[in-house]
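Structural description and commentary
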Amino acid sequence: MANLRIPRSWELPESLATPEEVYLNRRQILRTLGFGALALGLPIPGAWSATAEPAEPDLLTDGLKPALGKSYADRFPAKRNPEYGVGDREVTPEKFAAGNNNFYEFTTRKDAVWKAALGYKVEPWTVEVGGLVKKPRTLDLDALFRGFPLEERLYRFRCVERWSMQVPWTGFPLRALIDSLEPLSTAKYVRFVCVKDLEHLSGQKESPWFPWPYYEGLRLDEARHPLAFVVVGSYGHALPMQNGAPLRLALPWKYGYKGPKSIVRIEFVADPPPTFWNRLQPLEYGFYSNVNPQKPHPRWSQEIETDLATGVPRPTLPYNGYAQEVGGMYDGKEA
Ligand SMILES: Nc1nc2c(c(=O)[nH]1)N[C@H]1C(S)=C(S)[C@@H](COP(=O)(O)O)O[C@H]1N2
Ligand SMILES: [Mo]
């Protein structure tokens, strides 16, 4: 480890233009036009009374804490399932996974998500599960944290922007939930809808042009694949907010954006559901979005990825290294 170069988490090359650049630029334009408190000459609350500045939050002391506080702490750490490993790669140190995030509900600035997400309230939380199933249900936190045996799995993670990491997630197979619902034979796809809270989510407030809430979808057989994992924890504790508390999905053979965070609704449907990024940029983000080094993003190659913690580049693997497990579900032409 001693000779590894440890870049700061946000030290990704500028050339890794985020797919979302376009929208950032729009935001800058809005600012330039003067849609800000200063430009409007509005008073800035507290500006003249700020004698005792609160201490700046710190990633290691504040940013790794579970969004649920001490609730369900007894469920962690869960036993690691040795069937799921990351081969010769090293587990990414927690501060990188917790300090570099895509979670536009809070902010589009990757290095600032954890701070913007501090203190967001996830208790109580419910997930409405329904649609074409025999037994629809509402999952509360008790059901999520106590209703299924929890296990820890090491998964590779590959963002479409070309950074990657290896994370110990805690959760349960999505299949366990699906089977408890008894989907009807007409159910062919599953749709996931994330939190919408225009009042408290800073990113939704700042970026009203996004079609909130974030939403994603899978084919039913993909959702029932043993690798598809409902995540409620990382690094041996319940999820910190920035990683998608209280629950998100991990689909390690797909680009990161296929894994919705802070889910509030799961719906079984007959037709392919629309997805957030596909709707925004259909030519860049397909429904399947399986990791594929041979299929370049329209604006960059996908052949090489950069390890988030070490900065070391390596070749991208088909299906992110899970070809043996998931390859059989596809005909190779999926987009
Ligand atoms: N609700 C929601 N889910 C989301 C996103 C988002 O902005 N909002 N970003 C996606 C993208 S692009 C990635 S790479 C992963 C990032 O997860 P992480 O921050 O825990 O690494 O979350 C995905 N899920
Ligand atoms: Mo991503």
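Because the structure is predicted, anything quoted here is derived from the model rather than measured. (Residues numbered from 1 in each chain as written. Chains lettered and ligands numbered in written order. Predicted model: local features only at pLDDT ≥ 70, side-chain atom pairs only at ≥ 80, totals over all residues. Heavy atoms only, no water.)

Things to note about the pairing of strand β4 (residues 163-173)
Most of β4 is tucked away, with 10 of its 11 residues classed as buried. Pairing between strand β3 (residues 151-158) and β4: 8 bridges, direction antiparallel. Note on β4: the bridge partner recorded for Phe 157 is Met 165. Linkage of β3 to β4, two consecutive antiparallel strands, is achieved through a turn of 4 residues, within which Arg 162 is found at a positive phi near 90°. In terms of strand pairing, β4 meets strand β7 (residues 229-234) through 5 bridges, oriented antiparallel. Bridging across to β7, Trp 169 finds its partner in Ser 234. (Buried < 20%, exposed > 50% of the residue type's maximum accessible area, 1.4 Å probe, protein only. Helix = DSSP H or I, 4+ residues; strand = E, 2+ residues; numbered from the N terminus. Pairing = 2+ DSSP bridges.)

Concerning the pairing of strand β2 (residues 137-140)
Walk down a regular strand and you will see the side chains alternate between the two sheet faces. Alignment of strand β1 (residues 126-131) against β2, held across 4 bridges, turns out to be antiparallel. Its bridge partner being in β2, Glu 128 is matched across the sheet by Thr 138. Counting the residues in the hairpin turn of β1 and β2 gives 5 residues.

Focus: the nonpolar core
Grouped together as the largest cluster of nonpolar side chains are 89 residues, with contacts concentrated most on Leu 174, Trp 253 and Phe 268. In terms of residues, this core owes the most to one element, β4, which gives 5 residues. If sequence neighbours within four positions are ignored, Leu 174 has contacts with Phe 192, Leu 218, Ala 223, Ala 228, Phe 229, Val 230 and Leu 249. (Core = buried A, V, L, I, M, F, W, Y, C linked by side-chain atoms within 4.5 Å. Contact = heavy atoms within 4.5 Å.)

Side note on helix α6 (residues 174-181)
Every buried residue of α6 is listed here: Leu 174, Leu 177, Ile 178 and Leu 181. Taken down its axis, α6 places every buried residue within 100° of arc, on the same side. The positive-phi residue at the C-terminal boundary of α6 is Glu 182, with phi of around 50°. (Arc of directions from axis to C-beta.)

Comments concerning the site of ligand 1
In the vicinity of ligand 1, 18 residues are found, and the nearest of them are Tyr 104, Glu 105, Asn 243, Gly 259 and Lys 261. One nitrogen or oxygen atom from the main chain of Asn 102 is found 3.2 Å from a nitrogen atom belonging to ligand 1. Here an oxygen atom of ligand 1 sits 2.9 Å away from a polar atom, N or O, in the main chain of Tyr 104. For ligand 1, whose free accessible area comes to 530 Å², the fraction covered by protein is 98%. Here the residues of the shell around ligand 1 are counted per class, giving 10 nonpolar, 5 polar and 3 charged. (Near = heavy atom within 4 Å. Polar contact = N/O pair within 3.5 Å; in protein donor to acceptor, adjacent residues only side chain to side chain. Areas by Shrake-Rupley, 256 points an atom, 1.4 Å probe, with all protein chains shown as cover. Nonpolar A, V, L, I, M, F, W, Y, C, P; charged D, E, K, R; others polar.)

A closer look at the side chain of Lys 258
Within the element layout of this structure, Lys 258 appears in the loop between β9 (248-250) and β10 (263-269). In contact with Lys 258, other than residues within four places in its own chain, are Glu 216, Gly 217, Leu 218, Leu 251, Thr 275, Phe 287, Tyr 288 and Ser 289.

Points about the packing of aromatic side chains
Two descriptors summarise a pair of aromatic rings, namely the distance from one centre to the other and the angle between the planes of the rings. Taken as a whole and assessed by the stated rule, the structure comprises 26 aromatic pairs. Considering the side-chain rings of Phe 106 and Tyr 120, the 5.6 Å spacing of their centres and the 80° angle between planes classify their relative orientation as edge-to-face. Linking Phe 106 in the loop between α3 (94-99) and α4 (113-117) with Tyr 120 in the loop between α4 and β1, this pair joins segments that are 14 residues apart in sequence. Classification of Phe 106 by relative accessible area gives buried; the value is 1%. Every member of this aromatic cluster is reached through a ring pair, and the members are Tyr 104, Trp 209, Phe 210, Trp 212, Tyr 214, Tyr 215, Tyr 255, Tyr 257, Phe 276, Trp 277 and Tyr 285. Positioned above the aromatic ring of Tyr 322 is the side chain of Arg 156, whose terminal nitrogen or guanidinium carbon lies 5.3 Å from the ring centre. (Phe/Tyr/Trp six-rings, centres within 6.5 Å; stacked < 30°, edge-to-face > 60°. Lys NZ or Arg CZ within 6 Å of the ring centre and 35° of its normal.)

What about the environment of Asp 307?
Mapping Asp 307 onto the fold places it in strand β11 (residues 304-307). Taking the C-alpha atoms as reference, Asp 307 lies 5.8 Å from Trp 163; in sequence the two are 144 residues apart. Excluding anything up to four places from it in sequence, Asp 307 contacts Ser 164, Gln 166, Val 312 and Arg 314. Among the polar contacts made by the side chain of Asp 307, one reaches the side chain of Gln 166 at a distance of 3.2 Å. A polar contact is formed between the side chain of Asp 307 and the backbone nitrogen of Thr 310, at a distance of 3.1 Å.

A few points about the environment of Arg 265
Note that Arg 265 resides in strand β10. A relative accessible area of 30% places Arg 265 in the partly exposed class. Taking C-alpha positions, Arg 265 is 5.8 Å from Phe 192, a pair spaced 73 residues apart along the chain. Residues in contact with Arg 265, not counting those within four places in the same chain, are Val 127, Glu 128, Arg 191, Phe 192 and Val 193. A polar atom in the side chain of Arg 265 sits 3.4 Å from the side chain of Glu 267.

A look at the pattern of salt bridges
The final tally for this structure, using the stated rule, is 18 salt bridges. Measuring nitrogen to oxygen at the nearest pair gives 2.6 Å for the salt bridge that ties Arg 153 to Glu 151. When sorted by exposure, Arg 153 lands in the same class as Glu 151, which is buried. Salt bridges here are not isolated pairs; linked through shared partners, they connect Arg 89, Arg 158, Glu 305, Asp 307 and Arg 314. (Salt bridge = Lys/Arg side-chain N within 4 Å of Asp/Glu carboxyl O.)

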